[in-house]
Amino acid sequence: MGPLFALRAGVAALAASLLAGSGKAAIIGAPEPGHIGFLPANSPIQYDIEWFHNAILLPVTIAISLLVLALLAYVMYRFNERANPTPSRLTHNGPLEIAWTVIPALILVVIAVPSFRLLSDQLIIPAPDMTLKVTASQWHWNYGYPKSEGGFSFDSIIKEDKDLKPGEIRLLTVDNAAYVPVGKIVEVDVTSQDVIHSFSVPSFGVKIDAIPGRLNKAWFKALQEGVFHGQCSNICGIDHAFMPIEIHVVSQSAYQAWLADAKKQFAHADGVDLAEASQIKR
Ligand SMILES: [Cu+2]
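Residues numbered from 1 in each chain as written. Predicted model: local features only at pLDDT ≥ 70, side-chain atom pairs only at ≥ 80, totals over all residues. Heavy atoms only, no water.

(A) A look at the coordination of the copper ion. All of the protein donors around the copper ion are H197 (ND1), C232 (SG), C236 (SG) and M243 (SD); their distances to the metal are 2.0 to 2.6 Å. One can describe the site at the copper ion as tetrahedral: its four donor atoms subtend angles covering 95 to 128° at the metal. Spacing between the donor residues of the copper ion along the chain follows H-x34-C-x3-C-x6-M. With C232 in strand β10 (residues 226-232) and M243 in the loop between β10 and β11 (244-250), the pair connects residues that are 11 residues apart, well separated along the chain. Relative accessible area serves as the criterion here: at 6%, C232 is assigned to the buried category. (Donors = N, O, S within 2.8 Å, 3.2 Å for Na, K, Ca; no water. Tetrahedral: all angles 85-135°; square planar, octahedral: opposite > 155°, others 65-115°. Helix = DSSP H or I, 4+ residues; strand = E, 2+ residues; numbered from the N terminus. Buried < 20%, exposed > 50% of the residue type's maximum accessible area, 1.4 Å probe, protein only.)

In structure tokens form, the structure reads like this:
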């Protein structure tokens, strides 16, 4: 966990309680006009990613760029043909060469420590409270809920512009969103049934390839309620840009209510699509 995590999680909790008071799920994890930088963080991993970027990578990048710029400016001023008509013939300087090898190596070590820690936090999945199976297809997502949650799955397909209701975001809204409970560890099992896609939800710090014949795992713990969007992030064909991800993070009671509803709406027999099964019989 990043040092700023506790403070920022507190701010997120405050925002969540304000949101709960308003009684509706606001869209939090989506871009806005003029937006730069990350989408609002909503998982411990994403807070750590932001901290790593803002506290480590940005300062290192800016400091090195300024140093190189200053050296270039000094060389241009001090060693140009007019200021320094007879140049030095020196070609080697042992201490200098050791310094400019060792110092960058040390900088990389400093970056590597939090980087590897973050990577292991992402890849070592804690004991999940629920598992969401995500199957990519050209060009939509299918969400599968395990037997413990009712055992059903459904396709999640982009809403066309003409079907959008007020407040729904063009190109990011789907017909059937996935629901997850707030504050619970959700394991995401990602695969594909045709080509390689990538399941990416920036606010959760999740981006993982969906590969046919393989099951890739990621996880997140959503810290506040709201609607969070993502997109397929691996060019997968002509409609790659039109397979958005929409995840609603809701309270446990709202999640149970949605489950009860979804079980009826997406009725499946033992994970087999009834429509598909009837086709097989014929
Ligand atoms: Cu895709």
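Continuing now.
(B) A look at the layout of surface pockets. Reported here for the largest pocket is a volume of approximately 670 Å³. As for the largest pocket, its lining consists of 21 residues, of which L71, F79, N93, L96 and W100 are closest to the centre. Those elements that place two or more of their residues in the lining of the largest pocket are α2 (44-78) and α3 (94-123). In terms of residue count, the dominant contributor to the lining of the largest pocket is α3 (seven residues). By residue class, the composition of the lining of the largest pocket is 15 nonpolar, five polar and one charged. (1 Å grid on protein atoms, 1.4 Å probe; cavity = no way out; pocket = protein on both sides within 12 Å on 5 of 7 lines; lining within 4 Å. Points joined across faces, edges and corners; volume = space filled by probe spheres on them. Nonpolar A, V, L, I, M, F, W, Y, C, P; charged D, E, K, R; others polar.)

(C) Examining α3 more closely. The end-to-end C-alpha distance of α3 is 42 Å, a good match for the 44 Å that 30 residues give at a rise of 1.5 Å each. Taken as a whole, α3 carries its principal kink of about 30° at A112; the proline P114 stands between one and four residues after it. In this fold, the buried residues of α3 make contact with α2. The residue sitting at the N-terminus of α3 and contributing the capping side-chain oxygen is N93; that oxygen lies 3.2 Å from the backbone nitrogen of L96. (Expected span 1.5 Å × (residues − 1). Bend = angle between axes of the 7 residues up to and from the residue. Contact = heavy atoms within 4.5 Å. Polar contact = N/O pair within 3.5 Å; in protein donor to acceptor, adjacent residues only side chain to side chain.)

(D) Representation of the packing of aromatic side chains. Applying the stated criterion across every chain yields a total of 15 aromatic pairs. Summarising the aromatic geometry, the rings of Y145 and W258 are spaced 5.1 Å apart at their centres and angled 55° between planes, so their arrangement reads as tilted. Residue Y145 is found in strand β3 (residues 140-145), and its partner W258 is found in helix α4 (residues 252-265); the two are separated by 113 residues along the sequence. The same class applies to Y145 as to W258, namely buried. Three or more aromatic residues joined by ring pairs form one cluster here, namely Y143, Y145, F152, F154, Y179, Y255, W258 and F266. Lying across the ring of F79, R78 places its NZ or CZ 5.0 Å from the centre. (Phe/Tyr/Trp six-rings, centres within 6.5 Å; stacked < 30°, edge-to-face > 60°. Lys NZ or Arg CZ within 6 Å of the ring centre and 35° of its normal.)

(E) The arrangement of the environment of I125 in detail. Inspection of the secondary structure puts I125 in the loop between α3 and β2 (130-137). For I125, the residues in contact, after removing those within four places along its chain, are E187, K217, A218 and W219.

(F) Just α2, in detail. Given a rise of 1.5 Å per residue, 35 residues ought to cover 51 Å, and the 50 Å separating the end C-alpha atoms of α2 matches this to within 8%. At L57, α2 shows its largest kink, close to 35°, and the proline P59 lies no more than four residues downstream. Regarding α2, the residues found buried are P44, I45, Q46, Y47, D48, I49, E50, W51, F52 and I56.

(G) Up close: the side chain of D189. Within the secondary structure, D189 sits in strand β6 (residues 185-192). Buried charge without a partner: D189 forms no salt bridge, and the closest opposite charge is K217, 4.5 Å away. Those residues in contact with D189 that sit more than four places away from it in its chain are T131, L132, K133, V134, L215, N216 and K217. (Lys, Arg positive; Asp, Glu negative; His and termini not counted. Salt bridge = Lys/Arg side-chain N within 4 Å of Asp/Glu carboxyl O.)

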